[in-house]
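# A look at the structure
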Amino acid sequence: MAQAQGVLTILEKPAALFALAFAVRLAWLAFTGVSAPATFHPDSPMFLALAAGPDWWQGSADRMPGYTLFLHLTMAPFGADAYWAPIVVQMAIDAIACVAIARTADIVKPGAGRYAGLLAALNPTQIVLAATMLGDTIFVACLAFGFLSLARLWKGEGGPAAFGFWFGLALFNRAVVWPFLPVLGLGIFLLKRGRAGLRDAVIVLGIVAAFAAPMILRNGFIHGNFALSSQGPIHMALWWYPLVREAQDGTPYPQSFAEMRARHAALRGEEGRGPFEDAAIYRELTREYLWTLPPQAFVKAWLSGMAINLASPATLMIPQVMKIQRVGFYETEGETPLSKMRNFIAESSTARYLAWMAGGALIEWPVRLLGVIGLLLLLRNRERRTPAIFAIAWIGFILAVQGPVASAKYRLPVEPIAMALAGVAVASRRDDPFTLWRRRDSV
């Protein structure tokens, strides 16, 4: 026990925590390898093509430029096949994010950082995705520092500019932050209220808007549409509609997907169209098909997607595991979301794939439970209820905006908060094993 406490004390030092987290990630990379089959996700070639193109510094109409710029800068000194370069760098960035998570937990509850930092360092979701050629790790590192800046602002130890910068940088990598800005502005205002709250909200939203402006102007001048991204309608037509329809009447996802693509091709014709013109066609198709489905179908699809996003082990995102022979989840048939999950586990997956799934669940689910306990503990404590409310708002937003689209990678944006909450739970239960049930203000 004394040795364990000694290790935890050492990990309170940022350099020691970074070293542990980085070493664990490098060990994982040594195990999986740095070849394309070992590091590529289906979207990876698209990002690499953008990074190698003449417009690498400005992204595209449907992709924010942050990750393509990162790929170009990390690979340019070593060559187009140096896949290890961005992977190693984003692993280092993820290790730094573990330090930010630990410091955030310490601000919320002193003493929780040592546990939150260790859990983040060993978090399979972070480790697996840091070794994958995707921009999610960079995006979430920005969020981790954003949450740290917000915690400092809550405690009166920092200003709004740092928070605005990190959330703006997160937006520069992923447009998913954009719909959350009204909630963000309201939350910042309520922290202080009055003129000070209004000033802080304006500063935060102004900085985030400054990060968004180049993409909005680029799309306006090049494509004639002053919008942040053209991706939204395409995502709703090709992902939301097939999955909501499947929840409604059991129509297999591939069938609806193919029908929507065929309908789009017929309306598009053979003439070349710009990305926003394509998006406008998909928008009309969503109005015609998606929004005519009954509300209960949306509820089923969203509940199913949320459950899978929270519970799906990160081991299923390992590129080698994704290549195991099986029927994919979206290709698995089922009359209801529950029957589809049951068929996927019982009939569509091989024993090897199920072993990876079970192993990941055994590691990750106990930490998920700790996170729930930590959230409940914060809610029961008046002085620390504000971070809990923000956690609920952010996690709810991420689950809602991802909707029925299910994958462990869509859970990554909540991992910094989840690890901090789990750290709070462990630290609280170190004080009293029956904290949650006996004392209302024990956090």
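What counts and what doesn't
Residues numbered from 1 in each chain as written. Predicted model: local features only at pLDDT ≥ 70, side-chain atom pairs only at ≥ 80, totals over all residues. Heavy atoms only, no water. Helix = DSSP H or I, 4+ residues; strand = E, 2+ residues; numbered from the N terminus. Rg over C-alpha atoms; globule rule 2.2 N^0.38 Å. Buried < 20%, exposed > 50% of the residue type's maximum accessible area, 1.4 Å probe, protein only. Contact = heavy atoms within 4.5 Å. Salt bridge = Lys/Arg side-chain N within 4 Å of Asp/Glu carboxyl O. Disulfide = S-S within 2.5 Å. Axes fitted to C-alpha atoms, helices over the stretch in contact; angles between N-to-C directions. Parallel < 35°, antiparallel > 145°, perpendicular 65-115°, else oblique. Left-handed = near helix turned anticlockwise from the far one by under 90°. Nonpolar A, V, L, I, M, F, W, Y, C, P; charged D, E, K, R; others polar. Expected span 1.5 Å × (residues − 1). Arc of directions from axis to C-beta. Core = buried A, V, L, I, M, F, W, Y, C linked by side-chain atoms within 4.5 Å. Phe/Tyr/Trp six-rings, centres within 6.5 Å; stacked < 30°, edge-to-face > 60°.

Moving on, we come to the overall build of the protein chain. Secondary structure assignment for the protein chain yields 22 helices and zero strands. A compact globule built from 443 residues should have a C-alpha radius of gyration of about 22 Å, and the protein chain, at 22 Å, falls within 12% of that. C-alpha extents for the protein chain along the principal axes are approximately 70 × 55 × 50 Å. By the burial criterion, 52% of the 443 residues in the protein chain qualify as buried. Taking all contacts inside the protein chain whose residues are at least 6 apart in sequence as the whole, residues at least 24 apart take part in 71%.

Moving on, we come to the pattern of salt bridges. Between side chains of opposite charge, pairing is possible as soon as their charged atoms come close. Following the criterion strictly, the structure yields 13 salt bridges and no others. A salt bridge links Arg-25 to Asp-94, with the shortest nitrogen-to-oxygen separation between them at 2.7 Å. Linking Arg-25 in helix H2 (residues 14-32) with Asp-94 in helix H6 (residues 84-108), this pair joins segments that are 69 residues apart in sequence. Among the residues examined, Arg-25 registers a relative accessible area of 0% and is labelled buried. Under the relative-accessibility criterion, Asp-94 is labelled buried at 4%. With a closest N to O distance of 2.8 Å, Glu-284 and Arg-287 form a salt bridge. In this pair, Glu-284 and Arg-287 both sit in helix H15 (residues 275-288), three residues apart, roughly one turn of the helix. The exposure class of Arg-287 is partly exposed, given its relative accessible area of 48%. Linked by salt bridges that have partners in common, Glu-364, Arg-368, Arg-411 and Glu-415 make up one network.

Our next topic: the state of the cysteines. Tallied over the full model, the rule gives zero disulfides. Of all cysteine sulfurs, the one in Cys-142 lies closest to Cys-98, which takes part in no disulfide; the gap is 15 Å. For Cys-98, a relative accessible area of 0% corresponds to the buried category.

Our next topic: the packing of H6 against helix H9 (residues 136-154). Remark: H6 packs on H9, axes separated minimally by 9 Å, with the N-to-C direction vectors making an angle of 20 degrees. Between H6 and H9, the crossing angle belongs to the class labelled roughly parallel. Classified by chirality, the crossing of H9 by H6 is left-handed. Contact residues: H6 offers Gln-90, Ile-93, Asp-94, Ile-96, Ala-97, Ala-100, Ile-101, Arg-103, Thr-104, Ile-107 and Val-108, while H9 offers Thr-137, Ile-138, Ala-141, Ala-144, Phe-145, Phe-147, Leu-148, Ala-151, Arg-152 and Trp-154. Residue composition of the contact of H6 with H9, grouped by class: 15 nonpolar, three polar and three charged.

What follows concerns helix H14 (residues 253-268). Taking 1.5 Å as the rise per residue, H14 with 16 residues should run 22 Å; its terminal C-alpha atoms sit 22 Å apart, in good agreement. By the burial criterion, the buried members of H14 are Tyr-253, Ser-256, Met-260 and His-264. For H14, the arc enclosing every buried residue in end-on projection is 70 degrees, short of the 170-degree limit, so these residues lie on one face. As for H14, its buried residues are in contact with helix H13 (231-249) and H15. Immediately downstream of H14, the backbone of Gly-269 shows phi near 75 degrees, a positive value.

What follows covers the nonpolar core. By size, the foremost hydrophobic cluster in this structure holds 128 residues, and its most contacted members are Phe-167 and Trp-394. If you tally residues by element for this core, the top one is H6, at 13 residues. In this structure Phe-167 touches Leu-143, Gly-146, Phe-147, Val-177, Phe-180, Leu-184, Val-208 and Trp-394, once residues within four positions along its chain are discounted.

This brings us to the packing of aromatic side chains. Counting across every chain of the model gives 26 aromatic pairs. Aromatic side chains Phe-147 and Phe-390 sit 5.9 Å apart centroid to centroid with 70 degrees between the ring planes, which places their arrangement in the edge-to-face category. Pair noted here: Phe-147 is in helix H9 and Phe-390 is in helix H20 (residues 385-402), with a separation of 243 residues, a long-range link. Both residues of the pair, Phe-147 and Phe-390, belong to the buried class.

Let us now look at the side chain of Asp-200. Relative to the helices and strands, Asp-200 is located in helix H12 (residues 194-223). Judged by its relative accessible area of 1%, Asp-200 falls in the buried class. Those residues in contact with Asp-200, other than ones at most four positions away along the chain, are Leu-153, Pro-160, Ile-188 and Lys-192.

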